[in-house]
Amino acid sequence: RQVSVWLALLWACFLDCGLVAGGLVKTGGGAARDRREVTGTEDDFPPRIIEHPSDTIVRKGDPATLDCKAEGQPLPTIKWLKDGQPVTASGHPSSHRMFLPDGSLFFLRVILYTGRYQCVATNSLGRAVSNNATLEVAVLQKAFKENPRDLTVTVGEPAALQCDPPRGYPEPTITWEKNGLVVRNEGERIRVLESGKLMISEVKTSDAGMYVCVGTNMVGRRVSEPATLSVYERPTFTTKPSDQEVGL
């Protein structure tokens, strides 16, 4: 009796639960289908992103590539999103962007395509979305926010030449040149501060000259207006007076 109960349960499961038998699957009153059509092969797996795109900065008009690689079985297709919207591209050069065979997104010239990008890999078993990557255009304006000014000091005194570089992205680095040569740090005596200011703690006569501030990033370099550092020595007596005796 107990065996018959188990057989009844198995038969009910075959009819209603989708029991797999002989490689066939029966679901909810539908026709039996080959198991492989429902689940795929044992080697199939959903997509995985194995190379995410990375943040990229380029000069305006330069080419750029956002990389993306994914694995999966069946082999996934890769599409791109920009600011959450699908990216369209064609192989025609006038479009300035195209999808490469490995899934990367190539820009022939970066002009108007700055934004946040993601690649999406899809196959029959699911989808995978990459990390965000920003594409930005480097900028370096021409005008300095503050140019250095002429300065006059005495030997042994400190001197400070101010400089506020042009606005730029990435933030420009600041160097100084004196009479056409790069100014090198000399320990604590000569330093270029993070603000761009040139500090000389104890001025020497050899420090006198014409100085310019140079702002540089990947766009290029900008040179400030020149400023002259004049150095004077304190007067000293070459001959000191001495006592004299005179007759009356």
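One can find the structure itself at the top, above this paragraph.
Novice: For this particular structure, what's the right way to read the sheet that holds strand 5 (residues 64-66)?
Specialist: In a beta sheet, neighbouring strands pair by backbone hydrogen bonds and run either parallel or antiparallel. Ordered in space as 5-10-9, the 3 strands form an open sheet in which the pairing is antiparallel. With partners counted over all chains shown, the strands left at the sheet margins are strand 5 and strand 9 (97-99), one partner each. Sheet twist, expressed as the mean angle between neighbouring strand axes with direction ignored, is 20 degrees. Judged from the 3 bridges that link them, strand 5 and strand 10 (residues 105-107) form a sheet pairing that is antiparallel. Note that in strand 10 the partner of Leu66 across the bridge is Leu105.

Novice: Just checking my understanding: could you explain the state of the cysteines for this structure?
Specialist: Each disulfide consists of a covalent bond between the sulfur atoms of two cysteine residues. Summed over the entire model, instances satisfying the criterion amount to 2 disulfides. Each sulfur in the disulfide pair Cys68 and Cys119 lies 2.0 Å from the other. A torsion of 70 degrees about the S-S bond marks the disulfide between Cys68 and Cys119 as right-handed. On the criterion of sequence distance, the pair formed by Cys68 in the loop between strand 5 and strand 6 (69-73) and Cys119 in strand 11 (residues 115-123) is long-range, its members being 51 residues apart. Of the two residues examined, Cys68 and Cys119, each falls in the buried class. Each sulfur in the disulfide pair Cys163 and Cys213 lies 1.9 Å from the other. Taking the torsion about the S-S bond as the criterion, the Cys163 to Cys213 disulfide, at about -70 degrees, is left-handed. In this pair, Cys163 is assigned in the loop between strand 15 (159-161) and strand 16 (168-169) and Cys213 in strand 21 (residues 209-217), connecting sequence segments 50 residues apart.

Novice: Whenever I open this one, the nonpolar core confuses me. Can you help?
Specialist: Note that soluble globular proteins tend to have their nonpolar side chains buried in a common cluster. One finds Ile49, Trp80, Leu105, Phe107, Val110, Tyr117 and Leu135 to be the most contacted residues of the largest nonpolar core, which totals 18 residues. Contributions of two or more residues to this core are made by strand 5, strand 10, strand 11 and strand 13 (133-140). In terms of nonpolar packing, the next biggest core, distinct from the first, is built from 16 residues, Ile174, Leu198, Ile200 and Tyr211 among them.

Novice: Explain the sheet that holds strand 15 here, please?
Specialist: What the 3 strands build is an open sheet, ordered 15-20-19; its pairing is antiparallel. Looking along the sheet, the strands with just one partner apiece sit at the ends: strand 15 and strand 19 (190-192). Averaged over all pairs of adjacent strands, the angle between their axes in this sheet comes to 15 degrees, without regard to strand direction. Note that strand 19 and strand 20 (residues 198-200) share 3 bridges and pair antiparallel. Counted as the bridge partner of Arg191 is Met199 from strand 20.

Novice: Just to check I follow, could you spell out the side chain of Ser104 for this structure?
Specialist: The residue Ser104 is located in the loop between strand 9 and strand 10 in this model. Apart from residues no more than four positions distant in its own chain, Ser104 is found in contact with Thr65, Leu66, Asp67, Cys68, Trp80, Met98 and Phe99.

Novice: What's the story with the pattern of salt bridges in this structure? I'm lost.
Specialist: Pairing is possible between side chains that carry opposite charge, provided their charged atoms lie close to one another. A complete count under the given rule lists 11 salt bridges for this structure. Across the pair Arg59 and Asp62 runs a salt bridge, and its minimum N-O distance is 3.0 Å. One salt bridge in this structure joins Lys82 and Asp83, with 3.3 Å as the shortest N-O distance. Since its relative accessible area comes to 21%, Lys82 is described here as partly exposed.

The rules we used
Counting restarts for each chain: residues are numbered from 1 in the order of the written sequence. The predicted nature of this model means local features are confined to residues of pLDDT at least 70 and side-chain atom pairs, given and counted, to a pLDDT of 80 or more, with totals for whole chains, interfaces and linings taken over all residues. Calculation of side-chain values draws on the structure's entire complement of heavy atoms; hydrogens and water are dropped beforehand. Each pair of strands is called paired provided DSSP finds at least two bridges between the two strands. Only DSSP runs of H or I with at least four residues qualify as helices, and only runs of E with at least two residues qualify as strands; both kinds are numbered from the N terminus onward. Lines fitted to C-alpha atoms define the axes, with helix axes restricted to the stretch in contact, and inter-axis angles between N-to-C directions lie between 0 and 180 degrees. To count as a disulfide, a pair of cysteine sulfur atoms needs to be within 2.5 Å. Whether a residue is buried, partly exposed or exposed follows from its accessible area with a 1.4 Å probe, protein chains only, as a fraction of its type maximum: under 20%, in between, or over 50%, in that order. Nonpolar cores were defined as sets of buried Ala, Val, Leu, Ile, Met, Phe, Trp, Tyr and Cys residues, with membership established by side-chain atoms within 4.5 Å. Throughout, a contact is declared for two residues whenever any of their heavy atoms are within 4.5 Å. Between Lys or Arg on one side and Asp or Glu on the other, a salt bridge is scored when a side-chain nitrogen of the former is within 4 Å of a carboxyl oxygen of the latter.

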